[in-house]
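Coordinate analysis (summary)
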Amino acid sequence: MAIIKSLSDQVYEYVFHMIKVGKIAVGDKIDEAELIKKLGISRTPIREALIQMTSDNLLDNVPRKGFFVKSVDEVEMNECFAVIAQLDAYAMELAMPNIEKEHIQRMATAVDKMSLAISKADEDMYYDWEQEFHTVYRDVCGNNVLTNMIRELTRKAFRSEAFTKSTTTKENYWKTVNGDHERLVEAVEKRDVEAAKECLREHWVG
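Residues numbered from 1 in each chain as written. Predicted model: local features only at pLDDT ≥ 70, side-chain atom pairs only at ≥ 80, totals over all residues. Heavy atoms only, no water.

With that settled, the discussion passes to the overall build of the chain. Assigned secondary structure in the chain consists of 9 helices and 2 strands. Counted from the first residue to the last, the chain has its helices and strands arranged as α-α-α-β-β-α-α-α-α-α-α. The C-alpha extent of the chain, read off along each of the three principal axes, is 55 × 40 × 30 Å. Put simply, 73% of the contacts in the chain that link residues at least 6 apart link residues at least 24 apart. For the chain, the distance from the average position of its 28 positive side-chain charges to the average position of its 36 negative side-chain charges is 5 Å. (Helix = DSSP H or I, 4+ residues; strand = E, 2+ residues; numbered from the N terminus. Contact = heavy atoms within 4.5 Å. Lys, Arg positive; Asp, Glu negative; His and termini not counted. Charge placed at Lys NZ, Arg CZ, Asp CG, Glu CD.)

So this is what it looks like as structure tokens:
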């Protein structure tokens, strides 16, 4: 059964996505009036989402000024990726017995879609399919606490990635990362759990 997300959760995901793809930059103020207009909802769920994002250390709430995208230093970001690497490898270990052909096909399709997004320089498309790719195996790992931890850490780590790479470097970065995705699909197809885990660890820490 599909989970129905609250309005505030939907706002959270929308704002986070805009930050992730660089449409809202580090230091930018979140335009609440624009969100009301864009999303067609009241101010209450928007405020709830922004307050939650502040609690999650993604935004700064400056009194009488509003909410601003918070920066993160490179050391903190790399520490997040190091932890994600281990957690995601564990998620793959748990998921492997539950992965079926349809899951492998979904991952392979996501890789193809990311390649297409790279050729079109479409950041929205790339990150949507990247999320789909990693969601496939995490959804069948059977440990909600683990997947929630990974989700929170990736939010924390990814929020400044889009602002540190030029367009040219981003394209090369995406191609390298999608190569990791391709190798992971190959390892999963072979049911080689150790190779899959190592691929994920390298994927996150380089």
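Moving on from the model shown.
Attention shifts here to helix α9 (residues 193-205). An ideal rise of 1.5 Å per residue puts 18 Å on 13 residues; α9 measures up with 19 Å between its terminal C-alpha atoms. Taken together, the buried positions of α9 are A196, K197, C199, L200, H203 and W204. The buried residues of α9 all sit within an arc of 160 degrees when viewed along its axis, so they share a single face. Trailing α9 by a residue or two, G206 shows a phi angle of about 75 degrees, which is positive. (Expected span 1.5 Å × (residues − 1). Buried < 20%, exposed > 50% of the residue type's maximum accessible area, 1.4 Å probe, protein only. Arc of directions from axis to C-beta.)

Take the environment of V11 next. Looking at where V11 falls in the secondary structure, it is placed in helix α1 (residues 7-20). For V11, a relative accessible area of 1% translates into the label buried. C-alpha separation for the pair V11 and V62, spaced 51 residues apart in sequence, amounts to 20 Å. Ignoring any residue separated from it by four or fewer positions in sequence, one finds V11 in contact with L39, I41, P45, I46 and A49.

Before going further, it helps to spend a moment on the packing of aromatic side chains. Under the counting rule described, the total for this entry stands at 4 aromatic pairs. Between Y126 and Y127, the aromatic rings sit 5.4 Å apart at their centres with planes inclined by 85 degrees, giving edge-to-face as the arrangement. Pairwise contacts between aromatic rings join Y126, Y127 and W174 into one cluster. A cation over an aromatic ring shows up here: R155 above the ring of F16, its NZ or CZ 6.0 Å from the ring centre. (Phe/Tyr/Trp six-rings, centres within 6.5 Å; stacked < 30°, edge-to-face > 60°. Lys NZ or Arg CZ within 6 Å of the ring centre and 35° of its normal.)

Further remarks concern helix α2 (residues 32-39). The N-terminus of α2 is capped by D31, whose side-chain oxygen sits 3.2 Å from the backbone nitrogen of A33. The positive-phi residue at the C-terminal boundary of α2 is G40, with phi of around 65 degrees. (Polar contact = N/O pair within 3.5 Å; in protein donor to acceptor, adjacent residues only side chain to side chain.)

A few words now on the packing of α2 against helix α3 (residues 43-55). Close contact between α2 and α3 brings their axes to 10 Å; oriented N to C, the two are set at 125 degrees. With respect to each other, α2 and α3 are oriented oblique. For α2 against α3, the interelement crossing comes out right-handed. Along its contact with α2, which presents E32, L35 and I36, the element α3 presents R43, I46, R47 and L50. (Axes fitted to C-alpha atoms, helices over the stretch in contact; angles between N-to-C directions. Parallel < 35°, antiparallel > 145°, perpendicular 65-115°, else oblique. Left-handed = near helix turned anticlockwise from the far one by under 90°.)

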